[in-house]
Each structure stands twice: as C-alpha cells, then as structure tokens.
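# Structure at a glance
Residues per chain are reported as follows:
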Amino acid sequence: MREPQKYEDLFFTDDFMFCKIMENDEHICRRVIEVLLGIQVERIEYTHKQETLDIDIESRGVRLDVVAKGDGKIFDLEMQTTAEKNLPKRARYYQSMMDMDCLAKGQDYDNLPESFVVFICTQDPFGLGLPRYTIEQTCKENPEANNKIDDKIRKVYYNSKAWEGLAKDDAEVRAFLKFLATQKAESKLTEEIMEAVMTARRNEPWRKEFMHARELRERGRKEGYEEGLEEGIEQGRAEERAIAQAQLAADQTEIAALKIENSRIATLEAEIERLKNLVK
C-alpha cells in the first residue's frame, strides 16, 4: 500500500482518511453505501468504527473498517489498497463475526439482518478485469431454488482500476471508482468526498492522531526487526553448533575406524614376525 510521507497527502483511499470521513460524516457514508449497492437507505447508525469484534476470548478478533446498520441491513465497508489472495475468506470471516455480533444468545436466526461486505479495491482482486464482482449464493442444480436458499449474505468487490468498464448508465459508480483511481471529482458525491478530504487535511487533532499511530507502527516494525535480527543471529549460531557437532561426530567415527585399522595392522605385523621366525 502507498503510504504518504505527510498527513497533508492523505487521500480517501488511505485507510486512516477513509475511516475518519466515513465514521464522522453520516451523509457521505450513507451515500457511498447507496451508490455502491444500488439501494436506498433512510438512515444509518454506526455499530463499530474500525474496531475489533471480540466474540470469544479463544477466537481470533477481526478488525473491520466501517460497520453501519440501516433499514434492517448491516454493512461492512473495507478499503483495500494491497493485493491479497485471501479476500474471499476474509469476507467469509467478517460476515460470520458480524452475524455473531448481531444475534443475541437465544434469539431466532430470523433476526439476522441482511448483510453486505463491500471491498473497495484499488487493484483488481481477482485479475479478471471486471470493475465489480457481486457474489451471492445460488443453487447449482436448480436456479428456481435460489429464492428459497437465499441467506441474505452479499459480497461485492469493486476494482477502481477498471472504472472505464462500467456502463455509462452506471454513472455514479463509474464516477466514484474514477475518483479513487484518478482523484478527479466529477459527481456530486465525489465532490463532497473531496471537500471532506481537504477539510480533514486541516484537522489538527486528526493529524496528531495519524502521526502518533504512524510512530507506534514504525516503533513496532523496528522492534520486530531487531527481535528478528537477534533471532536470526541465534539461529545462525545454533546452526553453526549443529554443524560442528555433526563434524565432531564424523571425526570421532573416523578416528575410531583408524584405531581399529591400526590395531589390525599391528596384529598382522606380529603374525608376520611369528611366521618369519618359524621358517628360519
């Protein structure tokens, strides 16, 4: 992922900026959901803002970018700027955690809301050149069963690099993806987002928060590097000891073999001397 040198260089595709705007501007968050999913949302409420859903002390926590609820639906919006091969499994895990978080103990499964996981990718997540990949459960044997087996789970992956592949009548999504790829605002929504980005760049508390988080991350990387370096040195020493031990064992074996051979030679020499004495 591209990491800006300065806070003032952050754009909407940068995780920190994406989360700050989406978490603090309900209008933009709602409009992004409506544009990307093609639905109307009357209002939204935030459930988690880039927090970890801790379902069980033994389970793996999951950090979601922005999770919002609205009109009986729940939405997880993820900004993805690096190429990853495990996005489908991440989406599966995220949705399972959202379900666990939504359903109180003893509640009926009918209470589970329709859920959407949306990955907004700046690279093609599947390498097929599509601007959008919409994933829903279907029945392979008989499509007529699809309505009966609909589990209300939706996964959508967007590829901003392929914005030109969207039809002209899909203007809002096309403009949004183009904005991510080129930073050119050509729609009402993208103009609002760009204005929010410019305002956020002047937000001093956010700048300090970003710099502090970045400092902690760099410190963690440095400590991890030093720890890894120490582990590498120790591993190298251990390998040297193992090689030395193996060589020592081989040398000892060879010496033992030579001693046996020398003992045989001495025995043969003694036998030769005995035979010589007999033939005199």
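Every chain begins its residue count from 1, and numbering advances along the sequence as written. The predicted origin of the model limits local features to residues at a pLDDT of at least 70 and limits the giving and counting of side-chain atom pairs to 80 or more, whereas totals for whole chains, interfaces and linings rest on all residues. Each side-chain value is derived from all of the structure's non-hydrogen atoms; neither hydrogens nor water enter the calculation.

## A word on the overall build of the protein
Our working definition: A helix here means a DSSP run of H or I that spans at least four residues, while a strand means a run of E at least two residues long, and both kinds are numbered starting from the N terminus. Each accessible area is a Shrake-Rupley estimate made with a 1.4 Å probe; only the visible protein chains count as cover when residues are assessed.
A count of helical and extended segments in the protein gives seven helices and eight strands. Accessible area for the protein stands at about 18,100 Å²; split by element, carbon and sulfur atoms hold 50% of it.

## Observations regarding the packing of aromatic side chains
Put simply, the rule is: Any two of the Phe, Tyr and Trp rings considered here, Trp counted by its six-membered ring, make a pair once their centres fall within 6.5 Å; the pair's planes then place it as stacked at under 30 degrees, edge-to-face at over 60, or tilted in between. Whether a residue is buried, partly exposed or exposed follows from its accessible area with a 1.4 Å probe, protein chains only, as a fraction of its type maximum: under 20%, in between, or over 50%, in that order.
Enumeration according to the criterion identifies 11 aromatic pairs in this entry. Measuring from centroid to centroid gives 6.2 Å for tyrosine 7 and phenylalanine 16, while their planes differ by 80°, and the two rings are edge-to-face. Residue classification places phenylalanine 16 among the buried positions, given a relative accessible area of 16%. A ring pair is formed by tyrosine 94 and phenylalanine 119, whose centres lie 6.3 Å apart and whose planes are at 20°; its orientation type is stacked. Of this pair, tyrosine 94 sits in helix H3 (residues 87–102) while phenylalanine 119 is found in strand S6 (residues 114–121), placing the two residues 25 residues apart along the sequence. Grouping aromatic residues by their ring pairs yields a cluster made of Tyr94, Phe119, Phe126, Tyr133 and Tyr157.

## Regarding the environment of threonine 199
Of note, threonine 199 is situated in helix H6 (residues 188–201). Residues threonine 199 and isoleucine 21, 178 residues apart in the sequence, show an inter-C-alpha distance of 9.8 Å.

## Some remarks on the nonpolar core
We count it as follows: Nonpolar cores are built from buried Ala, Val, Leu, Ile, Met, Phe, Trp, Tyr and Cys residues. Side-chain atoms within 4.5 Å join them into one set. Note on definitions: a residue-residue contact is assigned when non-hydrogen atoms from the two residues lie within 4.5 Å.
Counting 44 residues, the largest nonpolar core has Phe12, Phe18, Met22, Phe176 and Ile193 as the members making the most contacts within it. Looking at which element gives the most residues to this core, the answer is helix H2 (residues 26–37), with seven residues. If sequence neighbours within four positions are ignored, phenylalanine 176 has contacts with Phe12, Val32, Leu36, Ile120, Leu189, Thr190 and Ile193. With 13 residues, the next largest nonpolar core counts Ile74, Tyr94, Val117 and Tyr157 among its residues.

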